[in-house]
Amino acid sequence: MSDSGSIEVVETGLLNTVQDLGRPGLRKFGVGSAGAMDGFALAAANLMVGNPIGAAGIEVTTFPFRIRINARRRIAATGADARFVVGDQMLPPWWSIRVEPGTEIRFEAPRHGMRGYLAVAGGIAVAEVLGSRSTDLKAGFGGADGRMLERGQSLPLGSREGDCSAGWDCFGIAPPEKRMPLMPPLDVGDGTTVVRVLPAAEHGELTDEARTAFWTSEWQLSTSSNRVGYRLVGPALRLHRPIELLSHGILPGVIQLPPSGQPMIQMSDANTCGGYPKIGLVIGADLWRLAQVRLGRRIRFVEVSLAQALAARDELDAALAAIRRTTSRLLTKTGWPAN
Amino acid sequence: MSDTPKLPRITPFGETAVLFEAATSLDLDVQRRIWAFAETVETWRGVVEIVPGIDNLLVVYEPRELAFDRIVSRLAEVWLRTGPLDRSPRVIEIPVIYGGANGPDLPAIATAAGLSVREAAEIHAAPDYMVCALGSQPGFGYLAGLDPRLATPRRAEPRLNVGAGAVVIGGTQAGVIARASPSGWHIVGQTPVEFFDLANPTPALLAPGDTVRFRIEQVLS
């Protein structure tokens, strides 16, 4: 059975967008990947409503965010520890619940973390552009006409798969930090988020002093940081000599050093090419954690080997596979909720 | 060709990519080799994406299928026997209205070079430009071949919104804005040609290696 439901945006702020896992593979045409900043949280939210991990959901960066759903659907919220209110019920983070048509869903400002994700069974069914529903704000396509969400906007839902009446009415899963023992501690209070980094081509060109400063400083995330890139505030880093590079392809996670000496990290809406010296790359398994660092908070880098980076990637994949197993049991009522 | 062949530099770019840099002085033969190399590397099992740059190639791979050591040695080895792409380039002609309201920076560039606006437009339209790489925005081609007399450092203050079709100069490079965006490049004219069209199965008009020729439709003062 399918129905053509929709959701209506009742209240929103800047930069809330439709995102899926992006459109990688098109950088040679100048098209960036875009996609959820915290791809792990979006993938988990999708699994919690019975969607494929790459279905489109909503990335919420500005709170409060309110929608009304015009269909009987299962929804889930993950990512930042936003106070997730369904009707008049406040739910814990990383929670999945079945809702009735006309229900209002609200995200209040998170207690920690930066970005919340909302998945709806069937996914947000805006048109695919170049194989993805992600909003590319810079290029002006994907998502809701290439723009951030606006109040009063209606978004179509995909036809849901499976029977909505199966499974527990509501259930939660453990947030990711409980699943990955290799992962450095997350910032859950006023602490510093430690992210793992592989040195890159120009790391050796830093002066000794700069190299020490890079690895030991607590870098503050500038308030001008966004989905394109993070600007870091800390000691100015110097190279042995000025380096001029020819333009080359770049990827999210690359830590570049512009002439100002203040590093920046390219994120989901990264440019496709650049020429600044590159000091390192935040490993793929830590990009989602970087996505949850709040503006003004601090980051510290820790060096890892290629083998460690690959082990972290395996650990992240295993955590998602575990969520897949758990949710498939809960969605068919063959397992217990609140594990 | 460079006097002493230098070994390419291949460096890790995170755990899923490597950056191959030919590490020579930039010349057209090396750039043609990069394109031929990119076409070969793209077909390798375990390679998921290639991004050709100026004198370099970013290769994204799946480390579960292709180990780092293996891809590095294979890139080094295959580069040595890769010759320049010998296809004759596609020629793409771009009609341009130079100057006037749609080419607001042309008079200043002409004056700085001691030329009339008409002469500056003719000098811009004279050479065959080569598309070195696409990047910065969907469908934007970095064009080599600008007459040095027209080379102009980028604007100190980028314009906040430059429309698609703006014919631009940035430093020693030329280009055409493909999607409305902020830009620090100087605008010398306007073309109706679409450089990025989502309705097209290959949305980007240009590809590395193409030749671009600008044709003067009109010069406005």
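Residues numbered from 1 in each chain as written. Chains lettered and ligands numbered in written order. Predicted model: local features only at pLDDT ≥ 70, side-chain atom pairs only at ≥ 80, totals over all residues. Heavy atoms only, no water.

J.: So what exactly am I meant to see when it comes to unusual backbone geometry here?
T.: The phi torsion of most residues other than glycine is negative, and most of the peptide bonds are trans. All names here are of chain A. In this chain, Phe 63 is followed by Pro 64 through a cis amide linkage whose omega measures -5°. Secondary-structure assignment places Pro 64 in the loop between strand S3 (57-60) and strand S4 (65-69). Of note in this structure, Trp 94 is not a glycine but carries a positive phi near 55°. Looking at the element boundaries, Trp 94 is found in the loop between strand S7 (89-91) and strand S8 (95-99). With relative accessibility at 4%, the residue Trp 94 sits in the buried group. (Helix = DSSP H or I, 4+ residues; strand = E, 2+ residues; numbered from the N terminus. Buried < 20%, exposed > 50% of the residue type's maximum accessible area, 1.4 Å probe, protein only.)

J.: Explanation requested: the interface of chain B and chain A in the structure shown.
T.: Accessible area lost upon the coming together of the parts is a frequently used measure of interface size. Contacts between chain B and chain A engage 38 residues on the former and 41 residues on the latter. Both faces combined, the contact of chain B with chain A buries some 3000 Å², and carbon together with sulfur accounts for 61% of it. By the criterion of area lost to chain A, the three top residues of chain B are Phe13(B), Glu15(B) and Glu49(B), representing 22% of everything that side buries. At the boundary of chain B with chain A, the tally comes to six salt bridges. Arg64(B) is the partner of Asp317(A) in a salt bridge, and the nearest nitrogen-oxygen pair spans 2.7 Å. Remark: the boundary between chain B and chain A carries 13 residue pairs in polar contact (both at pLDDT 80 or more). Of all elements in the fold, only strand S1 (9-12), strand S2 (17-21), strand S3 (47-52) and strand S4 (56-61) of chain B reach the threshold of two or more residues within the side of chain B that touches chain A. For the side of chain B that touches chain A, the leading source of residues is S3(B), giving four residues. (Contact = heavy atoms within 4.5 Å. Buried area = accessible area lost by both parts, 1.4 Å probe. Salt bridge = Lys/Arg side-chain N within 4 Å of Asp/Glu carboxyl O. Polar contact = N/O pair within 3.5 Å; in protein donor to acceptor, adjacent residues only side chain to side chain.)

J.: Please explain the sheet that holds strand S12 (residues 170-172) of chain A as it appears in this structure.
T.: What links the strands of a sheet is backbone hydrogen bonding, and the strands pair in either a parallel or an antiparallel sense. Residues and elements named next belong to chain A. Taking strand neighbours across the sheet as the criterion, the six strands line up as S2-S3-S10-S5-S8-S12 in an open arrangement whose pairing is antiparallel. Lying at the two open borders of the sheet, with one neighbouring strand each, are strand S2 (17-19) and S12. Here the strands of the sheet are splayed against their neighbours by 25° on average, with no regard to which way each runs. The pairing of strand S5 (residues 73-79) with strand S10 (residues 116-120) spans five bridges and is classified as antiparallel. By the bridge assignment, Ile 75 is partnered in S10 with Val 120. (Pairing = 2+ DSSP bridges. Axes fitted to C-alpha atoms, helices over the stretch in contact; angles between N-to-C directions.)

J.: Can you walk me through helix H2 (residues 68-80) of chain B in this structure?
T.: Here H2(B) spans 19 Å end to end across 13 residues, near enough to the 18 Å set by a 1.5 Å rise per residue. Of the surrounding elements, those touching the buried residues of H2(B) are S1, S2, helix H1 (28-41), S3 and S4 of chain B. (Expected span 1.5 Å × (residues − 1).)

J.: Whenever I open this one, the domain arrangement of chain A confuses me. Can you help?
T.: All names here are of chain A. For chain A, the assigned domains read domain 1 (6-176) and domain 2 (192-313). The C-alpha-based centres of domain 1 and domain 2 are spaced at 28 Å. Listed per partner, the contact involves 27 residues of domain 1 and 20 residues of domain 2. Carbon and sulfur atoms make up 52% of the area that domain 1 and domain 2 hide from each other, which totals about 1700 Å². Scanning the region where domain 1 abuts domain 2 turns up one salt bridge. Here Glu 59 makes a salt bridge to Arg 227, at a shortest N to O gap of 2.8 Å. Joining domain 1 to domain 2, the criterion identifies 14 residue pairs in polar contact (both at pLDDT 80 or more). A per-class count over the side of domain 1 that touches domain 2 returns eleven nonpolar, ten polar and six charged. (Domains from an automatic or database assignment. Nonpolar A, V, L, I, M, F, W, Y, C, P; charged D, E, K, R; others polar.)

J.: For this particular structure, what's the right way to read the packing of H1(B) against H2(B)?
T.: The relative placement of two packed helices is expressed as an angle between their axes plus a distance between the axes. All names here are of chain B. Taken N-terminus to C-terminus, the directions of H1 and H2 make an angle of 130°; their axes are 10 Å apart at the nearest point. It follows from the interaxial angle that H1 and H2 lie oblique. The handedness of the crossing between H1 and H2 is right-handed. From H1, Val 30, Arg 33, Ile 34, Phe 37, Thr 40 and Val 41 reach across to H2, where they touch Leu 75, Val 78, Trp 79 and Leu 80. Taken together, the residues of the contact of H1 with H2 break down into eight nonpolar, one polar and one charged. (Parallel < 35°, antiparallel > 145°, perpendicular 65-115°, else oblique. Left-handed = near helix turned anticlockwise from the far one by under 90°.)

J.: Whenever I open this one, the nonpolar core confuses me. Can you help?
T.: Most often, soluble globular proteins have nonpolar side chains that are buried together. Phe40(A), Phe214(A), Leu237(A), Ile265(A), Leu290(A) and Phe301(A) are the most contacted members of the largest nonpolar core, which totals 56 residues. For this core, the two domains that each supply at least three residues are domain 1 (6-176) and domain 2 (192-313) of chain A. Excluding residues within four positions of it along the chain, Leu237(A) makes contact with Leu206(A), Ala210(A), Ala213(A), Phe214(A), Trp219(A), Leu257(A), Gly261(A), Pro263(A) and Ile279(A). Formed by 35 residues, the second largest nonpolar core is a distinct cluster that contains Phe141(A), Ile94(B), Val96(B) and Phe196(B). (Core = buried A, V, L, I, M, F, W, Y, C linked by side-chain atoms within 4.5 Å.)

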